Amino acid sequence: MLRTFQVVAKNLSMTEAALKLNQSKGSISYQIKTLENQLGFTLFERRNARLHLTSKGQKLLNVSTLSLDQIDQEIELLKFKKPTPLTIALQSYFLSRWLSPRLMKFTAKHPEIGLRFVPLNFINEMDNIEADISICWGKEGMINSPHERLISCPACPTANSQIAERVKKEGLDKIILTTPLLFDSSESIGWQDWFSHAGIDFKKSIQGVSISDSNSRVQAVIDGQGIALWDNLVSPEINSGNLHYLSNIQLDEYGYYIRVKENILENDTVKLFFKWIKEEGNSISSSKINKS
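Throughout what follows, the structure given in this document is the object of discussion. Quantities reported herein were computed from a predicted structural model and do not represent experimental measurements. (Residues numbered from 1 in each chain as written. Predicted model: local features only at pLDDT ≥ 70, side-chain atom pairs only at ≥ 80, totals over all residues. Heavy atoms only, no water.)

**Comments concerning the sheet that holds strand β3 (residues 86–90)**
Sheet strands pair via backbone hydrogen bonds, and the direction of the pair is either parallel or antiparallel.
Next up, step 1: Read from one edge to the other, the open sheet built from five strands follows the order β4-β3-β5-β11-β6, with strand pairing classed as mixed. Each end of this open sheet is capped by a strand with a single partner; those strands are β4 (115–119) and β6 (148–152). Between one strand axis and the next, the sheet turns by 25 degrees as a mean value, whatever way the strands run.
Next up, step 2: Its contacts with the sheet put helix α5 (residues 92–109) on β3, β4, β5 (133–139), β6 and β11 (254–260), and the angle it makes with β4 is roughly 175 degrees. (Pairing = 2+ DSSP bridges. Helix = DSSP H or I, 4+ residues; strand = E, 2+ residues; numbered from the N terminus. Axes fitted to C-alpha atoms, helices over the stretch in contact; angles between N-to-C directions. Contact = heavy atoms within 4.5 Å.)

**Some remarks on the pattern of salt bridges**
Next up, step 1: Considering all chains together, one arrives at 13 salt bridges under this definition.
Next up, step 2: Between E280 and K105 there is a salt bridge, with the nearest N and O atoms lying 3.1 Å from each other. Taken together, the residues span a long stretch of sequence, with E280 in helix α11 (residues 268–282) and K105 in helix α5 at a distance of 175 residues.
Next up, step 3: A salt bridge links K275 to E279; its shortest N-O distance comes to 2.7 Å. Of this pair, K275 and E279 are both found in helix α11, four residues apart, which corresponds to roughly one turn of the helix.
Next up, step 4: Residue K275 is classed as exposed on the basis of its relative accessible area of 51%.
Next up, step 5: It is possible to trace a salt-bridge network through shared partners that takes in R102, K105 and E280. (Salt bridge = Lys/Arg side-chain N within 4 Å of Asp/Glu carboxyl O. Buried < 20%, exposed > 50% of the residue type's maximum accessible area, 1.4 Å probe, protein only.)

**A short note on the nonpolar core**
Next up, step 1: If you look at the biggest cluster of nonpolar residues, it comprises 67 residues, and the most contacted ones within it are F94, I135 and W191.
Next up, step 2: Excluding residues that lie within four positions of it along the chain, I135 makes contacts with I88, A89, L90, Q91, F94, L120, M126, L150, Y256, Y257, I258 and I277.
Next up, step 3: Core analysis: the second largest hydrophobic core is formed by 16 residues, M14, A17, I32 and F44 among them. (Core = buried A, V, L, I, M, F, W, Y, C linked by side-chain atoms within 4.5 Å.)

**Considerations on the pairing of β5**
Next up, step 1: Counting buried residues in β5 gives six out of seven residues, a clear majority hidden from the surface.
Next up, step 2: In the sheet, β3 pairs with β5 via two bridges, with the strands oriented parallel. Bridge pairing in β5 places I88 opposite I133.
Next up, step 3: Bridge count for β5 against β11 is seven bridges, and the pairing is antiparallel. If you follow C136 over to β11, its bridge partner there is Y257.

Structural data, given as structure tokens:
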């Protein structure tokens with residue numbers, strides 16, 4: 001009724017208001033009379049066959065115009081304002097090799113959801129990084145906050161062709177102890193676990209460098225800077241011959257883990273993405289690494 005009052009007040013005519021609102025004059029008159037009864041004061045008076053606003057009617061017009069215009073603006077903002085994008089922290093390696101090829105399915109189904117990716121290089125960052133969802137390679141027990149395994153992805157020592165040839169001639173036990181190790185998101189823990197599985201003394205190895213960006217670490221291995229633990233996501237480099245798995249001993253307990261920021265899982269956007277990515281993870285099985 002306030003909107004009807006506004007139109008009548010601005011035109012000072014029941015007839016004009018009826019035309020603009022596509023209603024009958026009788027309906028307009030009834031709405032104004034009902035509003036006046038509810039308010040307890042008159043809004044219009046008729047002088048010389050024309051409508052005039054009373055002093056209270058003028059004040060109500062001023063207030064209602066401001067309020068209704070503000071409501072209209074807020075509705076437009078709600079309709080067209082883009083929501084805050086979902087922030088996902090993860091390794092560039094996992095983003096480019098596993099998530100990116102699958103993202104089109106999600107964005108096609110939910111074009112209204114914006115996604116923002118930020119780098120996560122080490123698993124201990126998952127507890128503190130400012131992101132709605134974070135994903136990193138590691139094993140159970142390495143993450144303090146609540147988390148779930150997204151996919152199983154075992155890893156084993158991987159090197160370029162030159163180092164792989166030396167392994168064939170001299171044996172892995174010797175080469176693994178005389179070649180720099182490149183540390184991953186688990187820092188030295190992954191290597192310590194692999195040495196334990198292989199029955200080799202980790203303390204005798206050459207401590208290499210930690211390269212935080214995972215894709216840069218792939219290139220460092222190709223360039224011969226050392227040996228790194230890699231999983232099936234480097235299969236393009238394995239198939240091309242740029243990289244080689246050096247052992248059939250692998251870290252079966254490792255994989256990619258997903259963590260949702262506390263108290264945010266009830267957010268509809270987060271729930272949609274979390275449900276989707278878990279379904280994607282469940283739809284594949286990580287095959288065993290086979291050293292050629």
